[in-house]
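Each chain is listed here by its residues.
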Amino acid sequence: MRITSAFALCLAVGGGAFSLSVDRQGFVSSLVSSSGSLLLSSHRKDAVVSGSASTNEDAVATTAVVYQPLSISVDGVTVQVACWHPSDKVGQVSSRAAPPLYEYNIALSKIGKSLANWSLPTFIDRSFALEPTRRGVIPSQDQQQLPSHCPVVLLAHGFLGSRFDLSHIGEELAAEGFLVLSPEFPESLSASYDPNASKSGVPIDRSSINDQLLESVCGPLSPTSYGIVGHSLGCGTVDRTGDEKWTRVSIAGGSPSVRGPRSCFIGSVNDGAVSVARAIEPLNQYNFAQLDETTVRSR
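Residues numbered from 1 in each chain as written. Predicted model: local features only at pLDDT ≥ 70, side-chain atom pairs only at ≥ 80, totals over all residues. Heavy atoms only, no water.

Caption draft 1: Region of interest: the side chain of Asn 210. Here Asn 210 shows up in helix α6 (residues 206-218). Dropping the residues within four chain positions of it, Asn 210 is found in contact with Leu 154, Pro 183, Phe 185, Thr 237 and Thr 241. (Helix = DSSP H or I, 4+ residues; strand = E, 2+ residues; numbered from the N terminus. Contact = heavy atoms within 4.5 Å.)

Caption draft 2: The arrangement of the pairing of strand β8 (residues 102-106) in detail. Of the two faces of β8, only the one carrying Tyr 102, Tyr 104 and Ile 106 is buried; Glu 103 and Asn 105 on the other face are not. Relative to strand β9 (residues 126-130), β8 is paired through 5 bridges, and the arrangement is antiparallel. Each bridged residue has a counterpart across the sheet, and for Asn 105 the counterpart in β9 is Ser 127. (Buried < 20%, exposed > 50% of the residue type's maximum accessible area, 1.4 Å probe, protein only. Pairing = 2+ DSSP bridges.)

Caption draft 3: Just α6, in detail. Within α6 the residues assigned to the buried category are Arg 206, Ile 209, Asn 210, Leu 213, Leu 214, Val 217 and Cys 218. Buried positions in α6, seen along its axis, are confined to an arc of 130 degrees and lie on one side of it. Buried residues along α6 sit in contact with β5 (70-74), β6 (77-86), β11 (152-156), β12 (179-183), β13 (226-231) and α7 (234-240). A distance of 3.2 Å separates the backbone nitrogen of Ser 207 from a side-chain oxygen at the start of α6, and that oxygen is part of Asp 205. (Arc of directions from axis to C-beta. Polar contact = N/O pair within 3.5 Å; in protein donor to acceptor, adjacent residues only side chain to side chain.)

Caption draft 4: Local environment of the pattern of salt bridges. For the structure shown, the criterion picks out 3 salt bridges. Ionic pairing is found between Glu 172 and Arg 134, a salt bridge with its closest N-O pair at 3.5 Å. Residue Glu 172 is found in helix α5 (residues 167-175), and its partner Arg 134 is found in the loop between β9 and β10 (137-139); the two are separated by 38 residues along the sequence. A relative accessible area of 3% means that Glu 172 is categorised as buried. (Salt bridge = Lys/Arg side-chain N within 4 Å of Asp/Glu carboxyl O.)

Caption draft 5: Spotlight on the pairing of strand β14 (residues 247-251). Judged by how many residues are buried, β14 sits mostly within the fold: 5 of 5 residues are covered. A two-sided burial pattern is seen for β14, the buried positions comprising Thr 247, Val 249 and Ile 251 on one face and Arg 248 and Ser 250 on the other. The parallel pair β13 and β14 is bridged by α7, and the resulting crossover is right-handed. Direction of pairing for β14 relative to strand β15 (residues 263-268): parallel, over a ladder of 4 bridges. From the neighbouring strand, Val 249 faces β15, where its bridge partner is Cys 264. (Right-handed = clockwise from strand over helix to strand, strands pointing away.)

Caption draft 6: Spotlight on the packing of aromatic side chains. Applying the stated rule across the entire model yields 8 aromatic pairs. Their ring planes at 40 degrees and their centres at 5.8 Å tell us that Tyr 67 and Trp 84 sit as a pair that is tilted. Taken together, the positions of Tyr 67 in strand β4 (residues 65-67) and Trp 84 in strand β6 put the pair 17 residues apart, joining distant regions of the chain. Of the two residues examined, Tyr 67 and Trp 84, each falls in the buried class. Here the aromatic cluster, defined as three or more aromatic residues joined through ring pairs, consists of Tyr 67, Trp 84, Tyr 102, Tyr 104, Phe 128 and Phe 164. (Phe/Tyr/Trp six-rings, centres within 6.5 Å; stacked < 30°, edge-to-face > 60°.)

Set out below in structure tokens:
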């Protein structure tokens, strides 16, 4: 069993709490691997990506995933949301087609202010465009509708992260039939909006963003189930979002929610900030399983 499979299985089944202890480098390399067809709630279509058979690489087929940029209005503030979902195309699309780009800004001025209280000019900020990690990610069509009646997963980035920090997870889960939504939170390094510019005068935060996302985007789609994956500071968002029916995955920070047993904590054996023992302590009230990297890789 690969680590991505553990993610997907936890999100799809929600059958009890467990934790994984892994080496950081090995974890990252395994996380981007495809997880196969383990999901019980998979909604995958038959769309695949394939190309000319002139090389072995072009001949490899993979499930097509759509990247669709969205935005929501939260108390008058426009918040960007990255979205991945299964393609509704049935057939084949060319692997030589240009993949979508993940465009984002790194606000070095904000980083300097947040970490050292430095006042830096905004002209030092930089913009970037990254390609997807997974093969077979295609851009959305104009006014493309999101899939309905499928499992939904929210992604919560950490402090000075971005909505693309967990894009590799979003791509893989979308290939397994999930609708994945990753909003830009106020602590993002992109500084794409001012959280204090709300109509009410109350700064928007992670909770208000997720509440609006669930109401305006997810509500009309009638999801079959909900899950949330958080990294570092995002693990606090994991704890505060949803109810006991939600499945929760916490990566390198915080602790799994104590509001329900459907939890998975993934921690690094070298993490000095949040040890595995400290993070999984709340799970002692549940019947949970603890796995190490060797066990996971051998399955």
